[in-house]
Amino acid sequence: MINQKNKTKERVGTFGASDTHFIMGNWNTATFMNWWQSKLGIKDISFKNVYVLTGTYKEHQIADWYEQKFNIKLTRDRRHKVPFSRLVINYDSETKTKDIEIKTFKMTDKEWVYPRNYWEQVQVQMYGGKKQAEIVAYGLTEEDYDNFYLPIDKNRIKIFPIEYDKDWVYTEYLPREKYLEWCLKKRKTPNKEEFERRQNNEKN
């Protein structure tokens, strides 16, 4: 297993699928700037707390459950460098035909539905690999945070098939990702107006 320090170094100068919400979001925020500085190697924004640790441990348990449930062997922790780009995608779990993205969420009285940024992350993962995917989500309780070694409760697992949206990837995501690659190379701050101007110039 790669330690957190080495993971942080690997992420400098590259984009991952989990970075998609930054790429697709508002570039004029303090949160974005902290992330951007981490990509430039100026700032380290890695952190651990009980929620992160619980989610990480549960992901392994959920992958084990998935293998037993569907009688299938998952490929785990594969890293793929997309050619001619700064995009490096880490796949937590895969079958021979599908990307299995495992998520955890805190259970409430409301029915949980995966947020937009999870969908976007999986779209980028499918762009770099298999064109089928599932989000496998598990609801966590306070007891799980107190003791993340508790066994999996199959009644709290939700599986969402995700269809590949090639149009969104090529018309929405990739233009922004390529512009940020250019900014990273130039070590400059991304600017929405400049991005739009460059896009218009390419169309004309």
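Since we're looking at a predicted model, the values are computed, not measured.

Caption draft 1: Representation of the pairing of strand E2 (residues 88-94) within the structure. Most of E2 sits out of view: 5 of its 7 residues are buried. Pairing between strand E1 (residues 75-81) and E2: 6 bridges, direction antiparallel. Paired with lysine 81 across the strands is valine 88, a residue of E2. Linking two consecutive strands that pair antiparallel, namely E1 and E2, is a turn of 6 residues; a positive phi of about 60 degrees is found at phenylalanine 84 within it. Adjacent in sequence and paired antiparallel, E2 and strand E3 (residues 99-106) are bridged by 4 residues.

Caption draft 2: Quick peek at the sheet that holds E2. Strand order in the open sheet formed by 5 strands is E1-E2-E3-E4-E5, with mixed pairing between adjacent strands. Each having just a single partner strand, E1 and strand E5 (157-163) make up the two edges of the open sheet. In this sheet, neighbouring strand axes are inclined to one another by 35 degrees on average, regardless of whether the strands run parallel or antiparallel. Packing against the sheet, helix H4 (residues 50-70) makes contact with E1, E2, E3, strand E4 (132-140) and E5, and its axis sits at approximately 130 degrees to E3.

Caption draft 3: Seen up close, the side chain of glutamine 61. With respect to the helices, strands and loops of the structure, glutamine 61 is situated in helix H4. Assessed through its relative accessible area of 14%, glutamine 61 is described here as buried. The residues touching glutamine 61, leaving out its near neighbours within four places in the chain, are Phe148, Tyr149, Leu150, Pro151 and Ile152.

Caption draft 4: Quick peek at the packing of aromatic side chains. This structure, assessed with the given rule, holds 25 aromatic pairs. Aromatic side chains tyrosine 57 and phenylalanine 148 sit 5.5 Å apart centroid to centroid with 45 degrees between the ring planes, which places their arrangement in the tilted category. Taken together, the residues span a long stretch of sequence, with tyrosine 57 in helix H4 and phenylalanine 148 in the loop between helix H6 (142-146) and E5 at a distance of 91 residues. Plain terms: the ring middles of tryptophan 65 and phenylalanine 70 are 6.3 Å apart, the flat faces sit at 85 degrees to each other, and that makes the pair edge-to-face. Relative accessible area serves as the criterion here: at 17%, tryptophan 65 is assigned to the buried category. Chaining the aromatic ring pairs together yields one cluster made of Phe15, Phe22, Trp27, Phe32, Trp35, Trp36, Tyr179, Trp182 and Phe195. Over the ring of tyrosine 118 we find lysine 103; its NZ or CZ atom is 4.5 Å from the centre of that ring. Between arginine 176 and the ring centre of phenylalanine 195, over which it is positioned, the NZ or CZ distance is 5.9 Å.

What counts, and at which threshold
- Residues numbered from 1 in each chain as written.
- Predicted model: local features only at pLDDT ≥ 70, side-chain atom pairs only at ≥ 80, totals over all residues.
- Heavy atoms only, no water.
- Buried < 20%, exposed > 50% of the residue type's maximum accessible area, 1.4 Å probe, protein only.
- Helix = DSSP H or I, 4+ residues; strand = E, 2+ residues; numbered from the N terminus.
- Pairing = 2+ DSSP bridges.
- Axes fitted to C-alpha atoms, helices over the stretch in contact; angles between N-to-C directions.
- Contact = heavy atoms within 4.5 Å.
- Phe/Tyr/Trp six-rings, centres within 6.5 Å; stacked < 30°, edge-to-face > 60°.
- Lys NZ or Arg CZ within 6 Å of the ring centre and 35° of its normal.

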